[in-house]
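Spelled out, the chains give:
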Amino acid sequence: MERRDFLTTIGAGIGATALTGAAPPMAQAAGRRSAAPKRPALKMKLGCQSGPASDDHFAFLARYGVTHVAARAKSAEGALYSTADEVKALRDLAEKHKLTLSILDPLLLPSSHIDREKNPGIMLATSPEREREVEAFQNQIRACAAAGVPCIKYNMSLLGVIRTGRVQGRGDAVFSEYDAARLDPAKPLTRAGMVGEDAFWERITWFLDHVVPVANEYKIRIACHPHDPGTPPQGYQGIHRVLGTIEGMKRFISIRESAYHGLNFCQGTVSENLPHPAEQIFDVIRYFGSRKKIFNVHFRNIVGGRGHFREAFPDEGDVDLYRALLTYAEVGYDGMLMPDHVPIIPGHPEAQGESFAFAYGHIRGLMQAAQHYSG
């Protein structure tokens, strides 16, 4: 079309509007777009759980758009929980940088391997150690309530995070990989010995029986991370990882049903436990999200699925993260989306900060796009 013809067409449209009140063609199209059904409003926050909890690091988080954090408070040597004053000091440090402390990372029940764990009583089911530790966890709930921190995250782990190697990614980035076929069947038992499914469920149930009533009383959410990853049916190192399947996660949330008992929903780990995460993850989000059991989201991506996967930058994995974000919005999730397991750059330890910053930017961009199209 010649330029003068194009301008004549535009002018005709404007003239028609002036004479008849009808909108020109492009305005009519815009009106049709604006009349489309709106998506649910976005309630999620950009978060992070990386350490340390320091002025420099919190300034780094705020610089790249993070608004909410999960962090660990300073505590006395040998303590099993952080006091209310220690949690308040952490909250104040976050607020100094205009960050909200949404989740406390407690001293007990980390994701470490049981042979390296300093306080293994709950997971080993040994007395009187586990009674002392569960009392400390109860006190941690009370301290968070006193300090105004609404959630605690934790793990029910014996084997920690299992990986079988590393693979080269794009550029000089290196990613962790898991291949069930490469697990060593002769690897010795841990100090936990043989832990079958029934024994593992007994330990989980005992813990929940003791802490969920306290969480209910003080209205503090407790968010458990699933097993990363699920292992073969025969287990590994004598241990059956019951929170390494979707069915196991469903059973977990049904024990001691409560609005304050739910999941630190690691999307990467959940994807690792699905045969076809690119298609299946969205319905899993809907299942747990519609039941209000997702208290926090580790918003990361993988390539592959159950039995064989590698970690990935958020933009290059198999899962469509934008579609996943919209699914969280669909179920009304209002907590944090945070990066996790960013790649390492050999010889450049400082580059982990770059990897996190890239992830913040990617997630923030997805959130802004979703907010724009939700109206």
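These numbers come from a predicted model, not from an experiment.

Section: the pattern of salt bridges
In a structure, side chains of opposite charge can pair up when their charged atoms sit close to one another.
No. 1: Within this structure, the stated rule accounts for 23 salt bridges.
No. 2: Across the salt bridge formed by Glu-131 and Arg-130, the nearest N and O atoms sit 3.9 Å from each other.
No. 3: Notably, a salt bridge pairs Glu-316 with Arg-170, separated by 4.0 Å at the nearest N-O pair. Here Glu-316, found in the loop between strand 11 (308-312) and helix 11 (321-330), pairs with Arg-170, found in the loop between strand 5 (165-168) and strand 6 (174-179); they are 146 residues apart in sequence, far enough to count as distant.
No. 4: Assessed through its relative accessible area of 22%, Glu-316 is described here as partly exposed.
No. 5: Within this structure, Arg-163, Asp-228, Glu-272, Arg-300, Glu-311 and Asp-340 form a network of salt bridges that share partners.

Details of the side chain of Lys-153
No. 1: Relative to the assigned elements, Lys-153 resides in strand 4 (residues 151-155).
No. 2: By relative accessible area, which is 13% here, Lys-153 ends up buried.
No. 3: Side chain to side chain, Lys-153 and Gln-49 meet in a polar contact 3.3 Å long.

Notes on empty space enclosed by the protein
No. 1: A complete count under the given rule lists 2 cavities of 30 Å³ or more for this structure.
No. 2: Space inside the largest cavity adds up to approximately 80 Å³.
No. 3: Together, 14 residues line the largest cavity, and Arg-300, Ala-312, Pro-314, Asp-340 and Val-342 are the ones closest to its centre.
No. 4: Here the lining of the largest cavity takes 3 residues from helix 12 (residues 351-374), the largest share from any one element.
No. 5: Per-class residue counts for the lining of the largest cavity are 9 nonpolar, 3 polar and 2 charged.
No. 6: Size it by volume and the second largest cavity reaches roughly 60 Å³.
No. 7: If you go around the second largest cavity, the residues you meet are Leu-109, Pro-110, Ser-112, Glu-117, Asn-119, Pro-120, Met-123, Asn-155 and Ser-157.
No. 8: For the lining of the second largest cavity, the class distribution of residues is 4 nonpolar, 4 polar and 1 charged.

Reading the values: the criteria
- Residues numbered from 1 in each chain as written.
- Predicted model: local features only at pLDDT ≥ 70, side-chain atom pairs only at ≥ 80, totals over all residues.
- Heavy atoms only, no water.
- Salt bridge = Lys/Arg side-chain N within 4 Å of Asp/Glu carboxyl O.
- Helix = DSSP H or I, 4+ residues; strand = E, 2+ residues; numbered from the N terminus.
- Buried < 20%, exposed > 50% of the residue type's maximum accessible area, 1.4 Å probe, protein only.
- Polar contact = N/O pair within 3.5 Å; in protein donor to acceptor, adjacent residues only side chain to side chain.
- 1 Å grid on protein atoms, 1.4 Å probe; cavity = no way out; pocket = protein on both sides within 12 Å on 5 of 7 lines; lining within 4 Å.
- Points joined across faces, edges and corners; volume = space filled by probe spheres on them.
- Nonpolar A, V, L, I, M, F, W, Y, C, P; charged D, E, K, R; others polar.

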